[in-house]
Amino acid sequence: MNIKKSPSTPLLRLLLISPRPFEFSETMRRKVSPAFLFLFLSVFLFASFSLYFSSCNPIYASTEISFPSVNLTAISKIPGYSSSSSSLAIKEDVNYLTRHVASIQDSSGVKSVSVLLPDWEVLLIVLPESTPPATASITGNDFLCLYPNNETSPARFSGVLPSTNQTTFKCGLPKRNRRRLPFLSPVLIRSGEEFLVSSPPPEPMMRWTRLAYESFTTENDVVLFVKGLNHRQGINLSPKELTCVFIDETSNNAVRTAVTSSIQEVFRCERPDLTSFGYGGVGNGLNKRIKVSLEIRHQGESSFMMPSVAYYIPWRKLEIERPKALLCASTMVFDVAKFLREWVMYHSRIGVEKFVLYDNDSDDDLMKVIKELNQEGYNIETFFWIWPKTQEAGFSHASLYAKDSCTWMMYLDVDEFVFAPSWVTSLQPSPDDPMLRSLLPKTQWWSDPRPIGQVSIRCNEFGPSNQTTHPLEGVTQGYTCRRKEDNRHKSIVLLEAIEHSLLNAIHHFKLKEGYRTKPVSLEVAVVNHYKYQAWSEFKVKFRRRVSAYVVDWTKGLNPLSKDRAPGLGFEAVEPSGWEQKFCEVQDGRLKLLARRWFEKQTMAGSKMAWQI
C-alpha cells in the first residue's frame, strides 16, 4: 500500500501493518507504562485532526482570503515608480491568517499612507477619501497600528496637515518588524476591534530619507519641499537634472514643468497648465487631487520619481487684503509649553506684533498655552509642521506663508531673547517706544539705493548657572552666567528681500541682489541665548536637533563644531560638574530688566507675569 508521507506517517504505518493495532503481547503490556499509552494516543489524534483540517478547511486557502482594499494604499501612484525597493534584502512572507473577524468595511479602520521616520516612528497620513475621526473624540488609546505579523502599537493623534487638511497619527514600529525588509505598512484601526491580515500583502512604507513632503503655491510658481536629494549644504543638484511632475490621481495623467531652483530641501517649479485635467489653467473649480513630485534625470540613466505625500494647491488671491504687521517672529517649536509664555510676553513688550510658530509635533500642553495667550490679546498663529529635522525648510516655508501678513520676520528660538543695553533704564516701555523697531532701517526700503534687507544680531551663550532643574521664574531669571565670547547670530529679515531660492542657514537668509545685511554691535543689541540649561532640560535638546544641516550630538562627526557643547560626548550622559560649566561672565542685566517689567505681587507672594 502506498502511503503519502506526512508528519503522522510513522504512526499510520504502525496502525496499518498491525492486524490488531491496540493488542500487545503480555510482555509488551508489562513494559509499556500508562503514560506512554496516553502520549501515543494524543499524538495519533492530533495527527489525524491535522490531516483532516489541512485538506478540508477552506479558510487556509490563500485564494479565499483577501486584505480589505479599503485599508491598502500604494506607496505611490506616480507613473514609473515601483513600490519594490532595491534594498529588499530579505523577502517577508505575509500570506497568512492572523485573526478571523468581520470585514474592515464594517469597522472603524481608515485608509492611510505610511512613512517610516527616524527612531522607528511611523507616520500615518489619513487619505481624504476616508472619513477621518472627529479630532475632538481622539485620545491616546483610541487607535492602534496593526502590522502584518499581527503585532500592534498605540497610534497617537498628531495633528492635521494645514495644506491638505489630512489627519495624521504616529506609532512605533515593533522590534520584530524591524528585522526584515521591506518594512510593511500598518493598518490604522480602533482599539479593541479585530482585523484580518492576509494576502495580498500591504505595500512597503515610504522612507523619510527620500520623500516629497510639502508644497506651497505662490502667485508665480510652486515651491516643493523634498528630503533626500540635496544632502549637504552648498552641494545641490542642478535644476536641469530635475522636473516637477503633477499627477492627477484619478486618471494618472501627468503634467511636467521646469525646475527653476534647487537649494537644500527647497525646489521651485513653474506653474502647471492643468487644463487637460478638466479645469481652467488658474485652478478655478479644482475638485481633483493633484500629487506633485520631482523626477530626477541622470545622464545616461533612466529617470527616477521621488515618492510623495505632497499635493498641489492652486494659488488664490486673498479676497480681503489685511494690513501687514511691521515685525513678526517665527520659530520651530517642540514641547516648549513651559517656556512659551515668558518668550511671547517679553518679545511682545519690545515690539513683536505677531508670532508664527511651526509646531514640530509637540506632545505637551502647547496648544492650551497658545489658546490662553491668544485670549489674553497676544497674536499667535501656529502651523502644524510634523516633518523631522527640517528647520531650514520650515523657515523657507514661513517666509512664504507669512509674506501676506508680515513685513519683517525675526527668526529666533524660544530659548533666545533679544536685549539692548540701552533698555536697562527703561521703567516700563510704552507702545510708542521703538525698542526692537529701532534696529530696523530708518528709511523706507524701496527708497534706499542699496536697502537693508536683513539685520544681524550676535549671540551670548548662557550656561546652567548652578541650576539643576528648570527655574520656575523663567530662564531670564534663572540663568545669569555666560561664556565670554559670543557665538553665532540671529536675524530680522525683510521678507520681500529674500532671494528666490529661499536659501537660509543658522537663522539668516540669502538676499536678493542689491540688498544688504546690517550687522548690529553688541553694544547696540544682543541675543541672550539660554543654550546650556539645567541638565534635565538640555538632554531633551541633545536628543532632538531640528536643523537638517547640523550634525546630531549623538553622532561622532565634526566633534569641534561650534554647534556642540564643549566637553560633551556623544551620549545623553550628564558630564561631571555640568551645573558650573560655561560660566565665565556674570550677566544679570536682562534678569533685572525683566523683573522690573514683569514682576507682580499676588496673594502667594511675588510672581513673574508668565507664572500667573
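Owing to the predicted nature of the structure, the values given are computational and were not obtained by experimental measurement. (Residues numbered from 1 in each chain as written. Predicted model: local features only at pLDDT ≥ 70, side-chain atom pairs only at ≥ 80, totals over all residues. Heavy atoms only, no water.)

J.: Looking at this model, I keep getting lost on empty space enclosed by the protein. Mind explaining?
T.: By rolling a water-sized probe across the atoms, one finds the places where empty space is left. Across all of its chains, the model carries 3 cavities of 30 Å³ or more by this definition. Its boundaries defined by the atoms lining it, the second largest cavity holds a volume of some 50 Å³. Forming the walls of the second largest cavity are L161, S163, T164, Y213, E214, S215, V309, A310 and Y311. The leading source of residues in the lining of the second largest cavity is strand β8 (residues 211–217), at 3 residues. When the residues that make up the lining of the second largest cavity are grouped by side-chain class, the tally is 5 nonpolar, 3 polar and 1 charged. (1 Å grid on protein atoms, 1.4 Å probe; cavity = no way out; pocket = protein on both sides within 12 Å on 5 of 7 lines; lining within 4 Å. Points joined across faces, edges and corners; volume = space filled by probe spheres on them. Helix = DSSP H or I, 4+ residues; strand = E, 2+ residues; numbered from the N terminus. Nonpolar A, V, L, I, M, F, W, Y, C, P; charged D, E, K, R; others polar.)

J.: I tried to follow unusual backbone geometry on my own but got confused; where do I start?
T.: Note on backbone geometry: most residues besides glycine have negative phi, and most peptide bonds are trans. In this structure, P182 follows L181 across a cis peptide bond, with omega equal to 0°. Relative to the helices and strands, P182 is located in the loop between β5 (166–172) and β6 (187–190). The phi dihedral of Q264 falls on the positive side, at around 50°, and the residue is not glycine. Among the structural elements, Q264 can be located in the loop between β11 (254–263) and β12 (266–270). Assessed through its relative accessible area of 3%, Q264 is described here as buried. Not every positive phi belongs to a glycine, and F582 is a case in point at roughly 60°. Within the fold, F582 resides in the loop between α8 (535–543) and β27 (585–586). (Buried < 20%, exposed > 50% of the residue type's maximum accessible area, 1.4 Å probe, protein only.)

J.: Explain the packing of helix α4 (residues 337–349) against helix α9 (residues 589–598) here, please?
T.: Two elements in contact, α4 and α9, have axes whose closest approach is 12 Å; the angle formed by their N-to-C orientations is 85°. By the angle between their axes, α4 is roughly perpendicular relative to α9. Contacts between α4 and α9 involve M345, Y346 and R349 on the former and, on the latter, L590, L593, W597 and F598. (Axes fitted to C-alpha atoms, helices over the stretch in contact; angles between N-to-C directions. Parallel < 35°, antiparallel > 145°, perpendicular 65-115°, else oblique. Contact = heavy atoms within 4.5 Å.)

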